[in-house]
Amino acid sequence: MERYSCDEPDKVSAIKSSPTSPNNSHRGVRHYLLFICLIFTLLLFSPNCTIKQFVLQKEHGAIDGGQNLVPNGDIEILENGEPVRWNYRGRCAVGCPGFQSDYALTMEVSGQDQAAQWETQLSSIKPHTKYVICFWYRLPQKGRIEVILFGKTLSVDQMFRYNPMHWCRYSAILDSEEMEGNCKISFLAKGGIGPFKFWIDRIELYEGESPIGQNCARLQYQYYNTAYVSPDIISPLPFAFEWTFDNGHRPQEIQYIVELPDEVEFISCALGRICKWPPDGWSITWTRRDDTSKVEIEKILMEGRPYFRVLARVASILGDEKQLTDYVVPVGVRDHWKGSLGRYSGMISMCLYVRSKVSSGSFPFYYYAKWDRGQQPRKRLNLEVITIPEAGSSKNLVLISEVQMQAGDKNPQLAEDFLRIGLNGIGHMDLRGGDSALRNKIGKFRQMGLRYFTSWVNIASYNVDDKDAKAMDLNGQRTGKGGWCLSYRGPGWVKNMNQYKKRLESGVNFLAFDDAKPSTCYCDQCKRLFAQFLRINTDLPYIDPSLFMKEGWNGDQRYKILWKDFSLWHYGRTAQAMKHELVQSLRYRGLNGRIYFGISSWLPFTHPFAAKSLTAFDFDIRQTYMNWASSSFGGSPKKVGDYLYQSQEALGIYARALAATLSPGLTYMHPACALDPYSQMKYQILEAMMAPHFAGYLMYAGKDIDLGDMKYMAEANALMVRFEEIVLKGKAIKPIEINQWSGVRIKKLGSKGLVLVSDYSTYEPIDTIVRFSSNDLDEQTLIDAESGEKIIPISGIYHVKIKAERARLLYFGAD
């Protein structure tokens, strides 16, 4: 077996194997490895890597893996640098770090004819029994892992183009069929190009269909391999928990425990209970705040070092029909690769708020779940201390973010933190105390310098319990098949509007409109408005929509297109009515009537004049979630920029000021979605910034934002504040398409401007050069906004080096 070096993260260096003395102590193994690394430094990078026959490990005693039937499935028990109970063939090694662990299995395939395989033996397999297999993995480009278990072969090849450095999880349910007693599980590396290796870790096999085992609980850190803390701002540490107990095994409470080093100051703890709907499905999941469970803090010593233990005592309470007693995300949902790409991931159920007492360093912390009859094995991760730069404040940009879990109550310096990273707006504070608490909090935050306070709403005729609000069909019946009637102004409208008025009276001044829904209503009032729409925008005579929308109508087909356009136009007219009523209500009460509307979801249209009525909306906050689906943005910052540019161009003179709704690296997504879970935050903001009519952004799903996201948000905000005039007033030039993964965006204001050069095309962060020319640049020298490097064109061609930073912001003609 090939040895390894852990001098650099995610690096595996091979040397020839040599006999060594056994050492079963974890600490002894680490000292031994360091000793080997020092002696054989010159050999670490030797190309002499022997391909061996299948190497069998010697027999070992039983390994206690709890209910997990895979021995040493977390690859944390090593002997002489080799994983106990695992056999291998070919270019196999132990790599570090693993997925939220010290070690993982790796495989390397030099060509299609080279075999690499890890294998271990399972015991106590029951025939004709269902089992769940789970593991985390990383693949090289065009790589595939084949898993052989119970005589079946599972093929695992799903990875996003931009994320070879991030781990993905695979889960499946298999029937053992005739297998009984002992059998083997094998992992084979197939295909793969480039230097990146196959990685496997956290391999689990449980009897039954629960992916965490039976009668147990699990606490999981929600972000990647490192947790970040800072002395500059209060840092969120997000966790999620799953649990499942039979009625006879149900504990009175589950304890969720986090053990933190004394270098960290504990501020508070937010808890929530995960809910889903319907009870037998997974259409909707959400977190309901838990203010009843107790949180205790106690000082402890760990290996002679001072720590403190945060212990959350969560009672086992039977709730209503939407409140789950058990919560285990099933196979088929937990690793969902379509739509939301793993919608389980964003369900944060515990968030610690902490602050570093020191300015630098890295310190281990531990977490686990405990109940009266058992305990989850203690998990270990590192806390890395980082600094968060002050981004400065914008005069005219709208820079809003939603907050982390219950941060409005739990983070006492929330406003200071937001202002430090350049934000001037805040949304969804998740407060206790209702309207009075919200009013007091907003009043305080406004005095500190925050200007925008958002709340998600929708058209007041949506989702009301009144038959008259339902769209009328072609036969004159209020069936709701066409959505909602936007002409409706009945009791349901009044009820919703009163709720919105209360929010505005509490200090909210930015209403973000959620998903728009097509509304094709054939009532007389909607028909009259359609006639008005035709008169304003066309020369066509009015025809009753009930006629031309009937199947088989062979008249002028333009009417059908215009009827679809009318849905967006009518949406805008309804928003105008809402804004007028809300403003009048505020003025009647002697309050400031300056409120902002944002439209986040656009109904389809053919003619741009369909957007003419959207004047009530101050901002286009269209939802641009780069990780939402592989069929849309697919984790590509460039596609985010392309979409925003094209959507603004399509609206032409009817385009609204753009403050796109963006998302952090995790949100509801699988951790594997992003180019980088943190730097993608910066890239997507810069890509959006270069779109026409850019005015800022709204960061959605605040509970999934951690300190790494905030750091990169601050870097992007600092650049926008520095070049604010160009960002807001500059003309967006048509982007230069290098290829589908790489491009150049230019924004010009007189003799000065910005150039964003990106290349997300490499599977790994390999150095590349983007070459381009543009008449709009007049061969001016470009200066890197962060490094200060000057780039002078050669014969009219710019050569921009792209390294670890996959997008570079350059400027010209400005200080």
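Calculation rules
Residues numbered from 1 in each chain as written. Predicted model: local features only at pLDDT ≥ 70, side-chain atom pairs only at ≥ 80, totals over all residues. Heavy atoms only, no water. Helix = DSSP H or I, 4+ residues; strand = E, 2+ residues; numbered from the N terminus. Contact = heavy atoms within 4.5 Å. Areas by Shrake-Rupley, 256 points an atom, 1.4 Å probe, with all protein chains shown as cover. Buried < 20%, exposed > 50% of the residue type's maximum accessible area, 1.4 Å probe, protein only. Pairing = 2+ DSSP bridges. Axes fitted to C-alpha atoms, helices over the stretch in contact; angles between N-to-C directions. Core = buried A, V, L, I, M, F, W, Y, C linked by side-chain atoms within 4.5 Å. pLDDT = per-residue confidence, 0-100. Parallel < 35°, antiparallel > 145°, perpendicular 65-115°, else oblique. Left-handed = near helix turned anticlockwise from the far one by under 90°. Expected span 1.5 Å × (residues − 1). Arc of directions from axis to C-beta. Polar contact = N/O pair within 3.5 Å; in protein donor to acceptor, adjacent residues only side chain to side chain. Phe/Tyr/Trp six-rings, centres within 6.5 Å; stacked < 30°, edge-to-face > 60°. Lys NZ or Arg CZ within 6 Å of the ring centre and 35° of its normal. Salt bridge = Lys/Arg side-chain N within 4 Å of Asp/Glu carboxyl O. Nonpolar A, V, L, I, M, F, W, Y, C, P; charged D, E, K, R; others polar.

A. Quick look at the overall build of the protein chain. When its secondary structure is counted, the protein chain shows 12 helices and 40 strands. Of the contacts formed within the protein chain by residues at least 6 apart in sequence, a portion of 75% connects residues at least 24 apart. For the protein chain, the exposed surface amounts to about 33,700 Å²; the carbon and sulfur share of it is 49%.

B. Main features of unusual backbone geometry. At the junction of Cys 96 and Pro 97, the peptide bond is cis and its omega measures out at -5° in the coordinates. By secondary structure assignment, the location of Pro 97 is in the loop between strand S4 (91-95) and strand S5 (104-108). Backbone geometry at His 128 places phi at a positive 50°, although glycine is not the residue there. Even without being a glycine, Glu 303 presents a positive backbone phi close to 55°.

C. Geometry of the pairing of strand S40 (residues 807-812). Of all the 6 residues making up S40, 6 are buried; the element is thus mostly covered by neighbouring parts of the structure. Here S40 shows two buried faces, one formed by Ala 807, Leu 809 and Tyr 811 and the other by Arg 808, Leu 810 and Phe 812. Examined bridge by bridge, strand S35 (residues 752-759) and S40 share 6 bridges and lie antiparallel to one another. Following the sheet pairing, Leu 754 is matched in S40 by Tyr 811.

D. View of the sheet that holds strand S11 (residues 181-193). With respect to topology, 5 strands assemble into an open sheet ordered S3-S6-S11-S8-S9, the strand pairing being antiparallel. Unpaired on one side and paired on the other, strand S3 (87-89) and strand S9 (152-156) mark the two borders of the sheet. Within this sheet the neighbouring strands show an average axis-to-axis angle of 20°, counted without direction.

E. Structural context of the sheet that holds strand S38 (residues 790-791). Read across the open sheet, the 6 strands follow the order S33-S34-S35-S40-S37-S38; overall the sheet is antiparallel. The sheet terminates laterally at strand S33 (731-739) and S38, the two strands that pair on one side only. Strand direction decides the pairing type here: strand S37 (residues 782-784) and S40, joined by 2 bridges, are antiparallel. Along S40, the bridge assignment pairs Ile 783 with Tyr 811. On top of the sheet, helix H9 (residues 637-651) reaches S33 and strand S34 (742-749); it is set at about 135° to S33, its chief contact. Against the sheet, helix H10 (residues 679-689) makes contact with S34, S35 and S40, and its axis sits at roughly 135° relative to S35, the strand it touches most.

F. Focus on the nonpolar core. Ranked by internal contacts, the top residues of the largest apolar core, which has 150 residues, are Tyr 256, Met 350 and Tyr 571. With 8 residues, helix H11 (residues 707-722) is the single largest residue contributor to this core. Not counting chain neighbours up to four residues away, the residues in contact with Tyr 571 comprise Asn 458, Ile 459, Tyr 462, Leu 486, Phe 513, Asp 514, Ala 516, Ile 599, Leu 603, Leu 614 and Phe 617. Formed by 40 residues, the second largest nonpolar core is a distinct cluster that contains Ile 75, Phe 135, Leu 139 and Ile 145.

G. Quick look at the confidence of the model for the protein chain. Confidence in the prediction of the protein chain, expressed as mean pLDDT, is 86, and 85% of residues score 70 or more. The low-confidence segment residues 667-675 (pLDDT under 50) makes 62 contacts with residues lying over four places distant or belonging to another chain.

H. Structural detail: the packing of H9 against H10. Contact geometry for H9 and H10: axes closest at 8 Å, N-to-C directions at 25°. Judged by the angle between their axes, H9 and H10 are roughly parallel. The hand of the H9/H10 crossing is right-handed. Facing Pro 637, Lys 638, Val 640, Gly 641 and Leu 644 of H9, the residues of H10 in contact are Tyr 683, Gln 684, Glu 687 and Ala 688.

I. Helix H4 (residues 434-448), seen in detail. An ideal rise of 1.5 Å per residue puts 21 Å on 15 residues; H4 measures up with 22 Å between its terminal C-alpha atoms. For H4, the set of buried residues is Leu 438, Ile 442 and Phe 445. Buried residues of H4, seen end-on, are gathered within an arc of 65° and therefore sit on one face of the element. More than 90 degrees from the buried face of H4, the exposed residues found are Asn 440 and Gln 447.

J. The side chain of Lys 638, seen in detail. Looking at where Lys 638 falls in the secondary structure, it is placed in helix H9. Polar contacts involving the side chain of Lys 638 include one to the side chain of Asp 642, which spans 2.8 Å. Sequence-distant contacts of Lys 638, defined by excluding residues within four places in its chain, comprise Glu 687, Glu 737, Asn 739, Gln 740, Trp 741, Ser 742, Gly 743, Arg 745 and Tyr 760.

K. How the structure looks around the packing of aromatic side chains. Counted according to the given criterion, the structure contains 45 aromatic pairs. An aromatic cluster is built from Tyr 522, Phe 530, Phe 533, Tyr 542, Phe 548, Trp 553, Tyr 559, Trp 563, Phe 566, Trp 569 and Phe 609, whose rings are joined through pairwise contacts. Lying across the ring of Phe 597, Lys 579 places its NZ or CZ 5.2 Å from the centre. The ring of Tyr 712 has Lys 711 sitting right over it, with the charged end atom 4.8 Å from the ring centre.

L. Broad picture of the pattern of salt bridges. Under the criterion given, the structure shown has 43 salt bridges. Residues Asp 642 and Lys 638 are paired through a salt bridge, measuring 2.8 Å at the closest nitrogen-oxygen approach. Linking Asp 642 with Lys 638, this pair stays in helix H9, spanning 4 residues, or about one helical turn. Considered together, Asp 642 and Lys 638 belong to a single accessibility category, that of buried residues. Taken together, the shared-partner salt bridges in this structure form one network comprising Lys 638, Asp 642, Glu 687, Glu 737 and Arg 745.

M. The arrangement of the packing of helix H5 (residues 491-505) against helix H8 (residues 558-588) in detail. One way to put it is that H5 packs onto H8 with a least axis distance of 10 Å and a crossing angle of 50°. The orientation of H5 relative to H8 falls into the category oblique. Relative to H8, the crossing made by H5 is right-handed. Each of Trp 493, Met 497, Tyr 500, Lys 501, Leu 504 and Glu 505 in H5 lies in contact with H8, whose residues at this interface are Thr 574, Met 578, Glu 581, Leu 582, Ser 585 and Leu 586. Residue composition of the contact of H5 with H8, grouped by class: 7 nonpolar, 2 polar and 3 charged.

N. View of the pairing of strand S31 (residues 657-662). Counting buried positions along S31 gives 5 out of 6 residues, so the element sits mostly inside the fold. Where strand S30 (residues 619-620) lies against S31, 2 bridges are found, and the strand directions are parallel. Paired with Asp 620 across the bridge in S31 is Leu 658.

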